[in-house]
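# Topology and contacts: notes
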Amino acid sequence: MTQPFAPAAFPYARPRRLRSSPWVRRLVAETTLTPADLIWPLIVHDGAEDRVPVASMPGVFRLSPRAAAEAAKEAHALGIPMVALFPNIDGAIKDAVGTGATDPDGLIPDCIRAIKDAVPDIGVMTDVALDCYTDHGHDGVVEDGRVLNDASLERLAEQAFIHAHTGADVVAPSDMMDGRVQAIREALEANGLHDTMILSYAAKFASAFYGPYRDAVGSAAMLVGDKKTYQMDYANSDEALREVAMDISEGADAVMVKPGMPYLDIVRRVHETFRVPTFAYQVSGEYAMMQASIANGWLDQDRAILETLHGFKRAGCAGVLTYFAPKAARLLGT
Ligand code: PBG
């Protein structure tokens, strides 16, 4: 930005003046972070126990539908507007086309109902993708070792419809098939679900940082090969803008960049180019990386959490998906 005046030089300019006490730092702060900026991802499971710890994500548990409803209550009390659901499905029901993804009485529909019963006023977002339900761990349908695009769209649209019909407020396709937003939007419109929001994982990169999540949902052991034929190459940035443009034109209400911290340059470009609500996901590997340092006493937990979350806001995020959501909301107060 060019300024309409010649900037003063030292000693007339002393930037430290505006940092000299807590009150003035608060007064001139350019961004704010509140619990309203947070989305809390919840890993849910269909096992018998209410809470099972995830080894690679200290502080994160696989939750039963009942425990997920409790977590949603906690989130609501803390001022967190929305939770996002991710399923760990019993391996015995996984198959090549991810049949479980479209079971109207499956784990995610159960969780949506349990949460909406317990806390009608919290937003519920669901992940639209097949990876948690397939025996090959891919987000779409696989044939002869290839992830099929168009055949996957039908499955994804049906999955999104079932979530929305059950009561999900926001469906979030994380699969990265071409044309999925359009397929989902058409299915929602055709069934009168005009108010369901689509938050698309528009710029989702093939990333090492999803490792702990795949462990948490039980898709890691299943995954055959990698996801590089559909998730983005981390060398690219212009391509992210094309992906976002497509998703908006197909009917996405809001978009997401994922992972978070290594991709804040993408957030900034997307936000400045499109001016639509832009979210980012501080993913499992980012969480695990920070928790490992915190556990070793190498990083101060509270300061590190708030600093990273402010980074997302500075880059232009409307909100952040983070496993630190309840901890951060407590730090911020409600
Ligand atoms: C896949 C999906 C992934 C995450 C959310 N949805 C991982 C992947 O693409 O393999 C990752 C979330 C995280 O790492 O916290 N549908």
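Look a little higher up for the structure.
What counts, and at which threshold
Residues numbered from 1 in each chain as written. Predicted model: local features only at pLDDT ≥ 70, side-chain atom pairs only at ≥ 80, totals over all residues. Heavy atoms only, no water. Core = buried A, V, L, I, M, F, W, Y, C linked by side-chain atoms within 4.5 Å. Buried < 20%, exposed > 50% of the residue type's maximum accessible area, 1.4 Å probe, protein only. Helix = DSSP H or I, 4+ residues; strand = E, 2+ residues; numbered from the N terminus. Contact = heavy atoms within 4.5 Å. Patch = residues over 30% accessible without salt bridge, like charges linked within 9 Å, V, L, I, M, F, W, Y side chains within 5 Å. Areas by Shrake-Rupley, 256 points an atom, 1.4 Å probe, with all protein chains shown as cover. Salt bridge = Lys/Arg side-chain N within 4 Å of Asp/Glu carboxyl O. Lys, Arg positive; Asp, Glu negative; His and termini not counted. Charge placed at Lys NZ, Arg CZ, Asp CG, Glu CD. 1 Å grid on protein atoms, 1.4 Å probe; cavity = no way out; pocket = protein on both sides within 12 Å on 5 of 7 lines; lining within 4 Å. Points joined across faces, edges and corners; volume = space filled by probe spheres on them. Nonpolar A, V, L, I, M, F, W, Y, C, P; charged D, E, K, R; others polar. Axes fitted to C-alpha atoms, helices over the stretch in contact; angles between N-to-C directions. Parallel < 35°, antiparallel > 145°, perpendicular 65-115°, else oblique. Left-handed = near helix turned anticlockwise from the far one by under 90°. Near = heavy atom within 4 Å. Polar contact = N/O pair within 3.5 Å; in protein donor to acceptor, adjacent residues only side chain to side chain. Sits in = over half its atoms within 2 Å of the grid points. Expected span 1.5 Å × (residues − 1). Disulfide = S-S within 2.5 Å.

One finds Leu 85 and Met 125 to be the most contacted residues of the largest nonpolar core, which totals 103 residues. Of all the elements, strand β1 (residues 38-45) adds the most residues to this core, at six residues. With residues up to four places along the chain from it excluded, the contact list for Met 125 reads Met 82, Val 83, Ala 84, Leu 85, Val 170, Ala 172, Leu 199, Tyr 201, Met 256 and Leu 321.

For the rest of this paragraph, the subject is a positive patch on the surface. Together, Arg 14, Arg 16, Arg 17 and Arg 19 make up a positively charged patch on the protein surface. With respect to the helices and strands, Arg 19 occurs in the segment before α1 (22-28).

A full pass over the atoms with the stated rule returns 15 salt bridges. Taking the shortest distance from any N to any O, the salt bridge between Lys 313 and Asp 37 comes out at 3.1 Å. Taken together, the positions of Lys 313 in helix α10 (residues 301-315) and Asp 37 in the loop between α1 and β1 put the pair 276 residues apart, joining distant regions of the chain. For the pair formed by Lys 313 and Asp 37, the shared burial category is buried. The salt bridge partner of Glu 70 is Lys 73, with a shortest N-O separation of 3.4 Å. A residue pair is termed a helical-turn pair when its members lie 3 or 4 positions apart in one helix, as Glu 70 and Lys 73 do in helix α2 (residues 65-77) at three residues.

With that out of the way, let us pick up empty space enclosed by the protein. Empty pockets left among the atoms are what a rolling probe the size of a water molecule brings to light. Tallied over the entire structure, the rule returns one cavity of 30 Å³ or more. Of the voids in this model, the largest cavity is the one considered here, and its volume is about 130 Å³. Looking at the largest cavity, it is lined by 17 residues, and the ones nearest its centre are Asp 131, Lys 204, Tyr 210, Tyr 213 and Lys 258. For the lining of the largest cavity, the per-class residue count stands at seven nonpolar, three polar and seven charged.

Turning next to the side chain of Ser 152. By the element assignment, Ser 152 lies in helix α4 (residues 149-166). Since its relative accessible area comes to 0%, Ser 152 is described here as buried. With residues near it in sequence (within four places) discarded, Ser 152 still touches Gly 140, Val 141 and Met 177.

What follows covers the packing of helix α9 (residues 284-295) against α10. Remark: α9 packs on α10, axes separated minimally by 10 Å, with the N-to-C direction vectors making an angle of 155 degrees. Judged by the angle between their axes, α9 and α10 are roughly antiparallel. Considering only the axes of α9 and α10, their crossing is right-handed. Counted together, Glu 286, Met 290, Gln 291 and Ile 294 of α9 and Gln 301, Ala 304, Ile 305, Thr 308 and Phe 312 of α10 form the full contact between these two elements. Residues that form the contact of α9 with α10 fall into these classes: five nonpolar, three polar and one charged.

Attention now goes to the site of the ligand. Taken together, the neighbourhood of the ligand is formed by 18 residues, with Arg 214, Lys 227, Lys 258, Ser 284 and Tyr 323 sitting nearest. Here a nitrogen atom of the ligand and a side-chain polar atom of Asp 131 are 3.1 Å apart. Here Arg 214 contributes a side-chain N or O atom positioned 2.6 Å from an oxygen atom of the ligand. Considered on its own, the ligand offers 400 Å² of accessible surface; in the complex 100% of this is hidden by protein. Applying the majority rule of atoms within 2 Å of the grid points places the ligand in the largest cavity. Of the residues that constitute the shell around the ligand, the class distribution is eight nonpolar, three polar and seven charged.

Counted at 1.5 Å a residue, the expected span for helix α3 (residues 107-118) with its 12 residues is 16 Å, and the 17 Å between its end C-alpha atoms agrees. Inspection of α3 places Leu 107, Ile 108, Pro 109, Cys 111, Ile 112 and Ile 115 among the buried residues, and these make up the whole buried set. Here the buried face of α3 lies against β1, α2, β4 (82-88), β5 (123-128) and α4.

Enumeration according to the criterion identifies zero disulfides in this entry. Cys 111 takes part in no disulfide bond, and the closest cysteine sulfur to it belongs to Cys 132, at a distance of 12 Å.

Here the focus is the layout of surface pockets. Each pocket or cavity is described by its volume, and for the largest pocket that value is around 410 Å³. Considering the residues around the largest pocket, the lining is formed by 19 residues, among which Val 147, Met 177, Thr 229, Tyr 230 and Gln 231 are closest to the centre. Contributing elements (two or more residues each) for the lining of the largest pocket: β7 (146-148) and α7 (238-250). It is α7 that contributes the most residues to the lining of the largest pocket, four residues altogether. Taken as a whole, the second largest pocket encloses approximately 330 Å³ of empty space. Lining the second largest pocket we find 19 residues, and of these Trp 40, Gly 59, Val 60, Phe 61 and Pro 326 sit closest to its centre. Taken together, the elements giving at least two residues each to the lining of the second largest pocket come down to β1, β3 (61-63), α2, α9 and α11 (325-332).

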